[in-house]
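Here is what each chain is made of, one letter per residue.
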Amino acid sequence: MTKTIEQIAAMCGGVPSPGAQLDAAVSGVVTDSRKLSPGCLFVPLAGERFDGHDYGAAALAEGAGGLLWQRDKGPAPEGNAVLVEDTLAALQRLASAYLKETAPRVVGITGSNGKTTTKDMVTALLATRYRVHKTQGNFNNHIGLPLTILSMPEDTEIAVLEMGMSARGEIALLTQIAPPDVAVITNIGESHLLQLGSRLEIARAKLEIAEGLKPGGLLILNGDEPLLAQVMSEPGFAGPKEMQTVRFGMDEANDDYPTGLLQTDGATSMFTCRTLGDRTLTLPLPGMHNVINALAAIAVARHFGLDGAAITEGFGALKLTGMRIEVTKTAAGVTLLNDAYNASPTSMRAALEVLQGMKAGGSRIAVLGDMLELGEREIEFHREIGAGADPERIDAILTCGPLSRHLAEAARERGIREVHAFEDKEELGDLLVRLVRPGDVVLFKASRGMRLEEVLRRLQDGPETAHN
Ligand SMILES: CC(=O)N[C@H]1[C@@H](OP(=O)(O)OP(=O)(O)OC[C@H]2O[C@@H](n3ccc(=O)[nH]c3=O)[C@H](O)[C@@H]2O)O[C@H](CO)[C@@H](O)[C@@H]1O[C@H](C)C(=O)N[C@@H](C)C(=O)N[C@H](CCC(=O)N[C@@H](CCC[C@@H](N)C(=O)O)C(=O)O)C(=O)O
Ligand SMILES: Nc1ncnc2c1ncn2[C@@H]1O[C@H](COP(=O)(O)OP(=O)(O)OP(=O)(O)O)[C@@H](O)[C@H]1O
Ligand SMILES: C[C@@H](N)C(=O)N[C@H](C)C(=O)O
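Since the structure is predicted, the reported quantities are computational estimates derived from the model, not experimental observations.

Time to look at the UniProt feature "domain: Mur ligase C-terminal" (unreviewed entry) in the chain. When the UniProt feature table is mapped to this numbering, "domain: Mur ligase C-terminal" (unreviewed entry) covers residues 323-448. Secondary structure within residues 323-448 divides into 37% helix and 23% strand; the distance between the first and last C-alpha atoms comes to 10 Å.

What follows is the structure, given as structure tokens:
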């Protein structure tokens, strides 16, 4: 986005400071003075550890073209400042105004699991026919979504925006900033149960996405999840007039479902689905859950007029964000399943299904860390995962963290032959490099806060891996 200081002030409801040059142009928006680009607009935010306003003068001195300045932070630095009551609210208004002006169609994606994966899939399909802009990484909250919009090229035809939450009202805000033409709800899991309290409340929070849905807009939802139907039948559900719906999932009552599953192990998945007849689709990642994500992406693509050939072309060009069941092989011949980006019971079960279904010349090993933010039933959830592991298809489980100790205990009771529980990633890694052999398959999965990829890297980098 390139705008003058005067335009920025009008778009975000601010007032240029007396010394500002109204026709000075700024290009690009950053909220971190450590990531300035020449001529950008710096938006200082007050956070838990820092206040960006402390870096305002330096940002201008280091080449920022202008900045927003919150009035209650004292006098603005000399230069192109726009005075506002609240810099975060101003950032959100700026994004909303820019989106209205550039007017792409908007696909909003939410759900407990699969937002980023589905976003990547939707983008790959639509990019075969449209100019598409998507959320980078996981920038999906009240700061990340505005920044995503403000980094959007002016000729964007479709914006694919991830909408995340960990409390009620957060998605309602995001869907007001970026009202979707199409809203997708991937599933209702257990993520952020700590804050929401129940899966019903999680469903209510996700369905806030319909509040901003444009009249006649399309809601694409997981038809296998009864809580979504329940909330949509509640008096408080605020979907728009003439809202269209498409349901996807395993159940044949859905508008789309898998009709043939040719493969979901290895590094790819191959399937057919109702809406695309006998066309075989291939995904560059394993797991039935990713076939279900793909059905959501197919529903979006079909809404925008793509045919089977374009959808096949799109999946062939799919570029996935890392650490979502990412399959690699070490020089020593060990297959690594990197699913370490995040974890909750639903995604943990899905990942173990993938491991248990993988062809392995040697052992199948699960390296599992704590699942966080699950609330009062957290120990029960960890035990359930351990109790659900199949001793016929998993040879060893190594756990990391105080909660996963309960997973380990339940896995032992279930009969998993080799189980080790650690508090310390280093010690876990020391045993793992001694354990693995060429031909083994090793899954890594834990919540983001565990940073379990640090253990995976010890195998990936190779020299420590034991050889027969
Ligand atoms: C506010 C901010 O952007 N903070 C980022 C910053 O954190 P840091 O600890 O360094 O500092 P402060 O937050 O205290 O800093 C305040 C501001 O000061 C700026 N600043 C600091 C130092 C300096 O020298 N110069 C400065 O200008 C600073 O940039 C701040 O603006 O850096 C961290 C490391 O890079 C960032 O991680 C941190 O970002 C926060 C977490 C953030 O929200 N970033 C968004 C852009 C974003 O979208 N991040 C996503 C993760 C989003 C997420 O977790 N989504 C949830 C669902 C939504 C939950 C919702 N309730 C929520 O609050 O997020 C999900 O489950 O998916 C990402 O990083 O991937
Ligand atoms: N439909 C699904 N059902 C269960 N697990 C899934 C599904 N889709 C993805 N996952 C798993 O959930 C984890 C997160 O995937 P992804 O990043 O795509 O979801 P997300 O909703 O963006 O996550 P987060 O909210 O943690 O950012 C990964 O381990 C992935 O394998
Ligand atoms: C920060 C929040 N979006 C998140 O991902 N929480 C998980 C559970 C974590 O931090 O590990």
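Still more to cover.
Okay, the sheet that holds strand β15 (residues 269-273) next. Read from one edge of the open sheet, 3 strands run β14-β15-β16, paired in antiparallel fashion. Because the sheet does not close on itself, it has two edges, and the strands there are β14 (258-263) and β16 (281-283). Across the sheet, the mean angle separating the axes of adjacent strands is 25° when strand polarity is ignored. Running over the sheet, helix α10 (residues 288-303) touches β14, β15 and β16 and is turned about 45° from β15.

Bringing the domain arrangement of the chain into the picture now. Under the domain assignment, the chain is made up of domain 1 (2-87), domain 2 (103-316) and domain 3 (326-460). Here the C-alpha centre of domain 2 lies 34 Å away from the C-alpha centre of domain 1. At the junction of the two partners, domain 1 supplies 4 residues and domain 2 supplies 4 residues. For the pair domain 1 and domain 2, the summed buried surface comes to about 330 Å²; carbon and sulfur atoms form 71% of the total. Our count for the contact surface shared by domain 1 and domain 2 stands at 0 salt bridges. Here domain 1 is connected to domain 2 by 0 residue pairs in polar contact (both at pLDDT 80 or more).

The relative placement of two packed helices is expressed as an angle between their axes plus a distance between the axes. At a minimum axis distance of 7 Å, the contact between helix α13 (residues 378-388) and helix α14 (residues 404-414) shows a crossing angle of 35°. Considering how the two elements wind past one another, α13 and α14 form a crossing that is right-handed. On α14, the residues touching I379, H382, R383, I385, G386, A387 and G388 of α13 are S404, H406, L407, E409, A410, A411, E413 and R414. Looking at side-chain class alone, the contact of α13 with α14 contains 6 nonpolar, 5 polar and 4 charged residues.

Before going further, it helps to spend a moment on α13. Side chains that are three or four residues apart share a direction in an α-helix, a result of its 3.6 residues per turn. Among all positions of α13, only F381, H382, I385 and G386 are buried. Seen along its axis, α13 keeps its buried residues to an arc of 140°; they face one direction. In this fold, the buried residues of α13 make contact with α7 (193-196), α12 (345-357) and α14.

This brings us to helix α1 (residues 5-12). Taken residue by residue, α1 has I5, I8, A9, M11 and C12 as its buried positions. Looking straight down α1, one finds that the buried residues subtend no more than 165° of arc, so they occupy a single side. Directly beyond the C-terminal end of α1, a positive phi value near 75° is found at G13.

Surveying the vicinity of ligand 3 reveals the residues H192, N342, L372, E373, S447, R448 and G449. E373 is positioned with one of its side-chain polar atoms (N or O) 2.7 Å from a nitrogen atom of ligand 3. A distance of 2.9 Å separates an oxygen atom of ligand 3 from a polar atom in the backbone of R448. Compared with its free state, where it exposes 310 Å², ligand 3 has 63% of that area covered by protein.

With that settled, the discussion passes to the site of ligand 1. If you check the shell around ligand 1, you find 25 residues, and the closest are S33, R49, F50, N140 and S166. At a separation of 3.1 Å, an oxygen atom of ligand 1 approaches a polar backbone atom of E48. Looking at the shell around ligand 1 residue by residue, the classes come out as 7 nonpolar, 12 polar and 6 charged.

Cut-offs applied
Residues numbered from 1 in each chain as written. Chains lettered and ligands numbered in written order. Predicted model: local features only at pLDDT ≥ 70, side-chain atom pairs only at ≥ 80, totals over all residues. Heavy atoms only, no water. UniProt positions renumbered as here; feature names shortened; annotations may be inferred. Helix = DSSP H or I, 4+ residues; strand = E, 2+ residues; numbered from the N terminus. Pairing = 2+ DSSP bridges. Axes fitted to C-alpha atoms, helices over the stretch in contact; angles between N-to-C directions. Contact = heavy atoms within 4.5 Å. Domains from an automatic or database assignment. Buried area = accessible area lost by both parts, 1.4 Å probe. Salt bridge = Lys/Arg side-chain N within 4 Å of Asp/Glu carboxyl O. Polar contact = N/O pair within 3.5 Å; in protein donor to acceptor, adjacent residues only side chain to side chain. Left-handed = near helix turned anticlockwise from the far one by under 90°. Nonpolar A, V, L, I, M, F, W, Y, C, P; charged D, E, K, R; others polar. Buried < 20%, exposed > 50% of the residue type's maximum accessible area, 1.4 Å probe, protein only. Arc of directions from axis to C-beta. Near = heavy atom within 4 Å. Areas by Shrake-Rupley, 256 points an atom, 1.4 Å probe, with all protein chains shown as cover.

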